[in-house]
Amino acid sequence: MSTYQVGYFVGSLSSTSLNRTLAQALIALAPGDLEFTEIPIGNLPLYSPDFDSDYPAEARALKEAIAASSAVLFVTPEYNRSIPGALKNAIDWASRPWGENSFNHVPAAVIGASPGQIGTALAQQSLRAVLSFCNARQMTSPEAYIRLEPGAIADDSTVTDDSMRQFLTDFMREFRDHVERVLTVLPRD
């Protein structure tokens, strides 16, 4: 059995992020052949093409972390009906300079949580459009717009709601299968 290295992005920089909580719960529910490493985004300067000939260390580390990953998982909140600026900035760094797009053919999945009624539906739609341009191989189903109510995930990352736990478990199984299918056709070096 192969082990897949999954780099994951938490779109929020908040120390009390619901999406960091969700990410930890997803990791706890994931199949055993997925190993997770967070790819940090909070220390990146704002992207500018002026850096394309000489990337700063933080941006090189970002690209190296994606290169070391078999797949990527995005766990993001919704800010103003789109993705947080820090996440978009990280994607801009990773997809540049021209011809060195770190997301090309990488298996990817998108999920997010919010206390609001529509979860993170519009942020995910926005993120999917960006990832399509970056040629990431996205898992398109199941879509996962999580309305996260207080207490739904305990401090130890246990999902307390049975139906949510089953849905998230199924999501992670489907993600694992997606990763395997994509890498069978498009192996990463």
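For the structure, see preceding data.
This text gives an overview of the structure that appears in the document. No experiment lies behind these values; they were computed from the predicted model shown.

1. Details of the layout of surface pockets
Leftover empty space is mapped by rolling, across the atoms, a probe with the size of a water molecule. Considered as a void within the structure, the largest pocket measures approximately 200 Å³ in volume. Along the walls of the largest pocket sit Lys-88, Ile-91, Asp-92, Ser-95, Arg-96, Trp-98, Gly-99, Glu-100, Asn-101, Val-130, Phe-133 and Cys-134, which together make up its complete lining. Put simply, the parts of the chain that give the lining of the largest pocket at least two residues each are α3 (85-94) and α4 (121-133). Among the elements that line the lining of the largest pocket, the one with the most residues is α3, at three residues.

2. A word on the side chain of Asn-19
Mapped onto the elements of the fold, Asn-19 is located in helix α1 (residues 18-29). For Asn-19, a relative accessible area of 2% gives the class buried. Here Ala-113 takes part through its backbone nitrogen, which lies 2.8 Å from a polar atom of the side chain of Asn-19.

3. Points about the side chain of Gln-138
Position of Gln-138 relative to the elements: it lies in strand β5 (residues 137-138). Overall, the relative accessible area of 16% leaves Gln-138 in the buried class. At 3.1 Å, the side chain of Gln-138 forms a polar contact with the backbone oxygen of Arg-128.

4. Considering the nonpolar core
In terms of nonpolar packing, the biggest core is built from 32 residues, with Leu-22, Leu-73, Ile-111, Ile-146, Leu-168, Met-172 and Phe-175 touching the most fellow members. Put simply, the parts of the chain that give this core at least two residues each are β1 (4-10), α1, β2 (34-38), β3 (71-75), β4 (107-114) and α5 (162-185). Per-element tally for this core: the top contributor is α5, with seven residues. Among residues more than four places away in sequence, those in contact with Met-172 are Leu-26, Leu-29, Ala-30, Pro-31, Leu-34, Phe-36 and Leu-73. Counting residues in hydrophobic clusters, the runner-up holds 28 residues, among them Phe-9, Ile-83, Phe-103 and Val-130.

5. Overview of the packing of aromatic side chains
For the coordinates displayed, the defined rule picks out seven aromatic pairs. Between Phe-9 and Phe-74, the aromatic rings sit 4.8 Å apart at their centres with planes inclined by 5°, giving stacked as the arrangement. Of this pair, Phe-9 sits in strand β1 while Phe-74 sits in strand β3; the two residues are 65 residues apart in sequence, bridging distant segments of the chain. Each member of the pair Phe-9 and Phe-74 is classed as buried. Put simply, the rings of Tyr-47, Phe-51, Tyr-55 and Trp-93 pair up and form one aromatic cluster.

6. Quick look at α3
In an α-helix, one full turn covers 3.6 residues, which means residues spaced three or four apart are oriented alike. Of all 10 residues in α3, eight are buried; the element is thus mostly enclosed. Along α3, the residues that are buried comprise Ala-86, Leu-87, Asn-89, Ala-90, Ile-91, Asp-92, Trp-93 and Ala-94.

7. Looking at the environment of Leu-186
With respect to the helices and strands, the residue Leu-186 is situated in the segment after α5. Remark: the alpha-carbon pair of Leu-186 and Pro-107, spanning 79 residues in sequence, is separated by 9.2 Å. Among all residues touching Leu-186, those that are not within four sequence positions of it are His-105 and Arg-137.

8. Comments concerning α5
Taking 1.5 Å per residue as the helical rise, α5 with its 24 residues ought to reach 34 Å, and the 35 Å between its terminal C-alpha atoms agrees with that figure. When we look at burial in α5, the residues that qualify are Met-164, Leu-168, Thr-169, Phe-171, Met-172, Phe-175, Arg-176, His-178, Val-179, Val-182 and Leu-183.

9. A closer look at the environment of Phe-133
By secondary structure assignment, the location of Phe-133 is in helix α4. On the basis of relative accessible area, Phe-133 is assigned to the exposed category, the value being 66%. A C-alpha to C-alpha distance of 16 Å links Phe-133 and Val-72, two positions 61 residues apart in sequence.

10. Things to note about the pairing of β1
Of all seven residues making up β1, six are buried, and the element is well covered by its neighbours. Summarising the sheet, β1 and β2 pair through five bridges and their orientation is parallel. Pairing of Gly-7 across the sheet is with Thr-37, part of β2. Taking the sense of rotation as the criterion, the β-α-β connection linking β1, α1 and β2 turns out right-handed. Looking at chain direction, β1 and β3 are connected through five bridges and run parallel. Within the sheet, the bridge partner assigned to Phe-9 lies in β3 and is Phe-74.

Here is what the cut-offs are and how they apply
- Residues numbered from 1 in each chain as written.
- Predicted model: local features only at pLDDT ≥ 70, side-chain atom pairs only at ≥ 80, totals over all residues.
- Heavy atoms only, no water.
- 1 Å grid on protein atoms, 1.4 Å probe; cavity = no way out; pocket = protein on both sides within 12 Å on 5 of 7 lines; lining within 4 Å.
- Points joined across faces, edges and corners; volume = space filled by probe spheres on them.
- Helix = DSSP H or I, 4+ residues; strand = E, 2+ residues; numbered from the N terminus.
- Buried < 20%, exposed > 50% of the residue type's maximum accessible area, 1.4 Å probe, protein only.
- Polar contact = N/O pair within 3.5 Å; in protein donor to acceptor, adjacent residues only side chain to side chain.
- Core = buried A, V, L, I, M, F, W, Y, C linked by side-chain atoms within 4.5 Å.
- Contact = heavy atoms within 4.5 Å.
- Phe/Tyr/Trp six-rings, centres within 6.5 Å; stacked < 30°, edge-to-face > 60°.
- Expected span 1.5 Å × (residues − 1).
- Pairing = 2+ DSSP bridges.
- Right-handed = clockwise from strand over helix to strand, strands pointing away.

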